[in-house]
Amino acid sequence: MDQLNNTYSVLLKENEELKIQLEEANDTIDAIRTGQVDALIVNDGDGHQLYTLKTADQTYRVFIEKMNEGAVTINRQGLILYSNSRFASMVGMPLERTIGLLFETFIADQSRDAFEDVIANAWEEDCKEELLLKNTEGHYVPCLLSCNTLELDEGVALSLILTDLSILKEAENQLKIKNLQLAAARLATEKLNNELEDTVKERTNELFLSREHFKYLANNIPQMTWTNLPDGEVDYYNQQWYDYTGLDQQDTKKWGWRKVLHPDDLQATMDRFAESLKTGEIFEIENRYKRGYDGAYRWHLNRAIPLRDEKNEIVFWVGTATDIEDQKKEMERKDEFIGIASHELKTPLTSLKGYLQLIASYKRDELPSVVKQYIEKANTSLNKLQRLINDLLDVSKIQAGKLEYAFTKFNITDLIKTCIENAEHIHPDNNFIIRDGKDYTVNGNPERLEQVVMNLINNAVKYSPQNKDVIIHITDHADCVRVSVTDFGIGLSAEQQERIFERFYRVEDKKYTTSGLGMGLYISAEIISYHNGSIGVESEVGKGSTFYFGLPLIRDYRLETRD
Ligand code: ADP
């Protein structure tokens, strides 16, 4: 027990001594750091050795203590004789514990070879090396190690200055990453650029091809063609235009085409075109363009259609001019022939009718009944022939602008009722129904309007092989009297409806053929237009048609007759 107590007290004492030694050591280090001490004793295993710090004056020691680099002094064995606080914090150890340790303790394995080389060299000459320090927590600290020999009283020592490269390395690392990212971005941009360039090339090529395609087409059609901007200015003509007009692009660009238009056609063309530009409706007119090489004006069918984008806005107009001079001449010759022929036919026809009347009236009672029948039949055929010749004469008069007639105020309802009586006489199998039929007064030519009504009624009968009902409707609407004739016959398609008022137009129907020359509706339309009226049709194939016309009403008369 006594022995134990003894040992305990010895240990306590030793402990006390060690504590004192530690405190002394700390004080010494503090003293060195603050420059109060110039020498110290280190126990390096071979007994105590004295190291003096005479060469390092106080100012430098303070300076070293404050600097941002780690500063260490080692002896030949590599033991740390001195270290500043910065080094201690770099390796994560209290300052007092670093002293007396082997410096290589803090060198990371991967830097060990380099360290040994540099230290071996350092005793010969000043040198530098980048190394990795390993701190107590196992983290690596990249450092630049600079070695210089120090002449101390006790011998030569090595001064090691350690510059923490962590921030630099991190910055370098960041820079590297940024550089890599930059390179990747540059690569992506380059790729995008290349793709874009390819697309542009492809599109340019497509555009070029489609433009060439268009030009090729435009230059290989017989018509003159051009394109107008939405405001009407021309921005392209095909070769035919330049060949025909003899003008160049400079002469005819924008509105230059007006100088080759016949002066008499200019106003109508401009008005119609302005209307189309405003409404976006297809432009169509017949006009004359001057041919460059002989100055001749030739008739053209002039058309322009708008091209719209997905928002339905007009992008441009495509115009064409088709030379119809030869057709026009042909038509004129035909009209002339019809005019002369119908005129020539009319004279013998009139005498034929006269002679027939003479025969009919000659001792009428003595004529055998079969002869009477022949006379009836001859009269019917002559009447048909006369109507045909009259129509032909009318057509040629219309063409010559000579279909003129006097106007008078008359009751159109009475006229229509008379027409129906006639129709009942001519077509006894049909059923004519009159609807409304109040009295209406118009200003016009009764014979010509009778011709219109009879034409519509005859057509209703002619083109209704099955259903024999014909409805005649007389009504008024907005200062107009409206007369319509409805049948339940073969009807007309929309396309046919558009053309039936044209001269000599007849629907070609293999299933249903009738005689006729396609003049009746053309003449009717002309007559109605002469009366400042309107004419039209509503129809459905297989169901029937309603032909109608409207004429300006003389309201006072209508009111009077109503009362
Ligand atoms: P035409 O009857 O002598 O041929 P029109 O000028 O009177 O000449 O008529 C032109 C064309 O219009 C006719 O050939 C016929 O095809 C069509 N048409 C006229 N009226 C009717 C109708 N009521 N129903 C069906 N088709 C009609």
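Since the structure is predicted, the reported quantities are computational estimates derived from the model, not experimental observations.

(A) Spotlight on the sheet that holds strand 6 (residues 140-152). Strand order in the open sheet formed by five strands is 4-3-7-6-5, with antiparallel pairing between adjacent strands. Each edge of the sheet is formed by a strand with only one pairing partner; in this case those strands are strand 4 (80-83) and strand 5 (127-134). Across this sheet, the average inter-strand angle for adjacent strands is 30 degrees, counted without regard to direction. Where strand 5 meets strand 6, eight bridges bridge the pair, whose relative direction is antiparallel. Paired with lysine 128 across the bridge in strand 6 is serine 146. Along the sheet, helix 5 (residues 112-122) makes contact with strand 3 (70-74), strand 5, strand 6 and strand 7 (155-164), crossing strand 5 at roughly 140 degrees.

(B) Main features of the packing of helix 12 (residues 412-426) against helix 13 (residues 446-462). The interhelical angle for the contact between helix 12 and helix 13, taken along N-to-C directions, is 45 degrees, at an axis separation of 10 Å. Viewed along their axes, helix 12 and helix 13 adopt a mutual orientation that is oblique. Crossing geometry of helix 12 relative to helix 13 is assigned as right-handed. Between helix 12 and helix 13, the contacting residues are Ile412, Leu415, Ile416, Cys419, Ile420, Asn422, Ala423 and Ile426 on the first element and Pro446, Leu449, Glu450, Val453, Met454 and Ile457 on the second. Considered class by class, the residues forming the contact of helix 12 with helix 13 number twelve nonpolar, one polar and one charged.

(C) Main features of a negative patch on the surface. Together, Asp113, Glu116, Asp117 and Glu129 line one region of the surface with negative charge. Looking at which element gives the most residues to the negative patch, the answer is helix 5, with three residues. With respect to the element layout, aspartate 113 can be found in helix 5.

(D) How the structure looks around the sheet that holds strand 18 (residues 534-540). Spatially, 14-16-17-19-18 is the arrangement adopted by the five strands of the open sheet, whose pairing is mixed. What marks the edges here is a single partner per strand, and that holds for strand 14 (431-436) and strand 18. Taking the axes of each pair of neighbouring strands and ignoring which way they run, one obtains an average angle of 15 degrees across the sheet. In the sheet, strand 16 (residues 469-477) pairs with strand 17 (residues 480-487) via eight bridges, with the strands oriented antiparallel. For threonine 475, the partnering residue across the bridge sits in strand 17 and is arginine 482. Strand contacts of helix 13: strand 14, strand 16, strand 17 and strand 19 (544-552), with the helix running at about 170 degrees to strand 19, the strand carrying the most contacts.

(E) Inspection of the environment of isoleucine 324 at higher detail. Its place among the elements puts isoleucine 324 in the loop between strand 12 (314-323) and helix 10 (325-361). Separated by 38 residues in the primary sequence, isoleucine 324 and glutamate 286 place their C-alpha atoms 8.7 Å from one another. Excluding residues that lie within four positions of it along the chain, isoleucine 324 makes contacts with Glu286, Trp299, His300 and Leu301.

(F) Geometry of empty space enclosed by the protein. The final tally for this structure, using the stated rule, is one cavity of 30 Å³ or more. The set of elements that each furnish at least two residues to the lining of the largest cavity consists of strand 8 (224-228), strand 9 (234-237), helix 9 (263-279), strand 10 (283-290) and strand 11 (297-308). For the lining of the largest cavity, the per-class residue count stands at nine nonpolar, three polar and no charged.

(G) The packing of helix 13 against helix 15 (residues 520-530), seen in detail. As a packed pair, helix 13 and helix 15 sit with axes 9 Å apart at the nearest point and diverge in direction by 145 degrees. Of the two elements, helix 13 crosses helix 15, and the hand of that crossing is left-handed. Contacts from Arg448, Leu449, Gln451, Val452, Asn455, Leu456 and Asn459 in helix 13 reach Gly520, Leu521, Ile523, Ser524, Ile527 and Ile528 in helix 15. Considered class by class, the residues forming the contact of helix 13 with helix 15 number seven nonpolar, five polar and one charged.

(H) Main features of the nonpolar core. Among the nonpolar cores identified, the biggest contains 46 residues, and Ile412, Ile416, Ile457, Ile472 and Phe549 are the most heavily contacted of them. Broken down by secondary-structure element, the contributors of at least two residues to this core are helix 11 (369-399), helix 12, helix 13, strand 16, strand 17, helix 15 and strand 19. When residues of this core are assigned to their parent elements, the largest contribution, eight residues, is made by helix 13. Domain assignment of the residues forming this core places at least three in each of domain 4 (348-400) and domain 5 (407-562). The residues contacting isoleucine 457, other than those within four sequence positions of it, are Cys419, Ile420, Ala423, Phe432, Ile472 and Val485. With 25 residues, the next largest nonpolar core counts Phe87, Met90, Trp123 and Leu160 among its residues.

(I) Main features of the environment of tyrosine 216. With respect to the helices, strands and loops of the structure, tyrosine 216 is situated in helix 6 (residues 166-219). Sequence separation between tyrosine 216 and glutamine 496 is 280 residues; the distance between their C-alpha atoms is 34 Å.

(J) Inspection of helix 5 at higher detail. What helix 5 keeps buried is the set Phe115, Val118, Ile119 and Ala122. Along helix 5, the residues classed as buried sweep out an arc of 100 degrees about the axis, all on the same side. In this structure, helix 5 carries Asp113 and Asp117 as exposed residues pointing more than 90 degrees from its buried face. Lining the buried residues of helix 5 we find strand 3, strand 5, strand 6 and strand 7.

(K) Looking closely at the environment of valine 62. Assignment of secondary structure puts valine 62 in helix 2 (residues 58-66). With 85 residues separating them in the primary sequence, valine 62 and cysteine 147 have C-alpha atoms 20 Å apart.

(L) View of the confidence of the model for the chain. A residue-level look at the chain finds 90% of positions with pLDDT of 70 or above and a mean pLDDT of 86. Ignoring residues within four places in sequence, the model shows residues 557-563, a span with pLDDT below 50, making twelve contacts including any to other chains.

(M) Quick look at the site of the ligand. Every one of the 20 residues lining the ligand counts as a neighbour, but Asn459, Tyr463, Asp487, Arg506 and Leu521 are closest to it. Within the side chain of arginine 506, a nitrogen or oxygen atom sits 2.5 Å from an oxygen atom of the ligand. Here an oxygen atom of the ligand sits 3.4 Å away from a polar atom, N or O, in the main chain of leucine 517. Every element with two or more residues in the shell around the ligand is listed here: helix 13, helix 15 and strand 19. Split by residue class, the shell around the ligand holds eleven nonpolar, six polar and three charged.

(N) Local environment of the pairing of strand 4. The pairing of strand 3 with strand 4 spans three bridges and is classified as antiparallel. Within strand 4, the residue paired with isoleucine 74 across the bridge is isoleucine 80. Counting the residues that bridge the hairpin from strand 3 to strand 4 gives five residues, and of these glycine 78 lies at a positive phi of roughly 90 degrees.

(O) Structural view of the packing of aromatic side chains. With the rule as written, the count across this model stands at 16 aromatic pairs. Residues tryptophan 255 and tryptophan 257 carry aromatic rings whose centres are separated by 6.1 Å and whose planes lie at 45 degrees to one another, so their mutual orientation is tilted. Relative accessible area serves as the criterion here: at 23%, tryptophan 255 is assigned to the partly exposed category. Their ring planes at 75 degrees and their centres at 6.4 Å tell us that phenylalanine 273 and tryptophan 317 sit as a pair that is edge-to-face. Taken together, the residues phenylalanine 273 in helix 9 and tryptophan 317 in strand 12 connect sequence positions 44 residues apart. Given the relative accessible area of 0%, tryptophan 317 is considered buried.

Criteria and thresholds
Residues numbered from 1 in each chain as written. Predicted model: local features only at pLDDT ≥ 70, side-chain atom pairs only at ≥ 80, totals over all residues. Heavy atoms only, no water. Pairing = 2+ DSSP bridges. Helix = DSSP H or I, 4+ residues; strand = E, 2+ residues; numbered from the N terminus. Axes fitted to C-alpha atoms, helices over the stretch in contact; angles between N-to-C directions. Contact = heavy atoms within 4.5 Å. Parallel < 35°, antiparallel > 145°, perpendicular 65-115°, else oblique. Left-handed = near helix turned anticlockwise from the far one by under 90°. Nonpolar A, V, L, I, M, F, W, Y, C, P; charged D, E, K, R; others polar. Patch = residues over 30% accessible without salt bridge, like charges linked within 9 Å, V, L, I, M, F, W, Y side chains within 5 Å. Areas by Shrake-Rupley, 256 points an atom, 1.4 Å probe, with all protein chains shown as cover. Salt bridge = Lys/Arg side-chain N within 4 Å of Asp/Glu carboxyl O. Lys, Arg positive; Asp, Glu negative; His and termini not counted. Charge placed at Lys NZ, Arg CZ, Asp CG, Glu CD. 1 Å grid on protein atoms, 1.4 Å probe; cavity = no way out; pocket = protein on both sides within 12 Å on 5 of 7 lines; lining within 4 Å. Points joined across faces, edges and corners; volume = space filled by probe spheres on them. Core = buried A, V, L, I, M, F, W, Y, C linked by side-chain atoms within 4.5 Å. Buried < 20%, exposed > 50% of the residue type's maximum accessible area, 1.4 Å probe, protein only. Domains from an automatic or database assignment. Arc of directions from axis to C-beta. pLDDT = per-residue confidence, 0-100. Near = heavy atom within 4 Å. Polar contact = N/O pair within 3.5 Å; in protein donor to acceptor, adjacent residues only side chain to side chain. Phe/Tyr/Trp six-rings, centres within 6.5 Å; stacked < 30°, edge-to-face > 60°.

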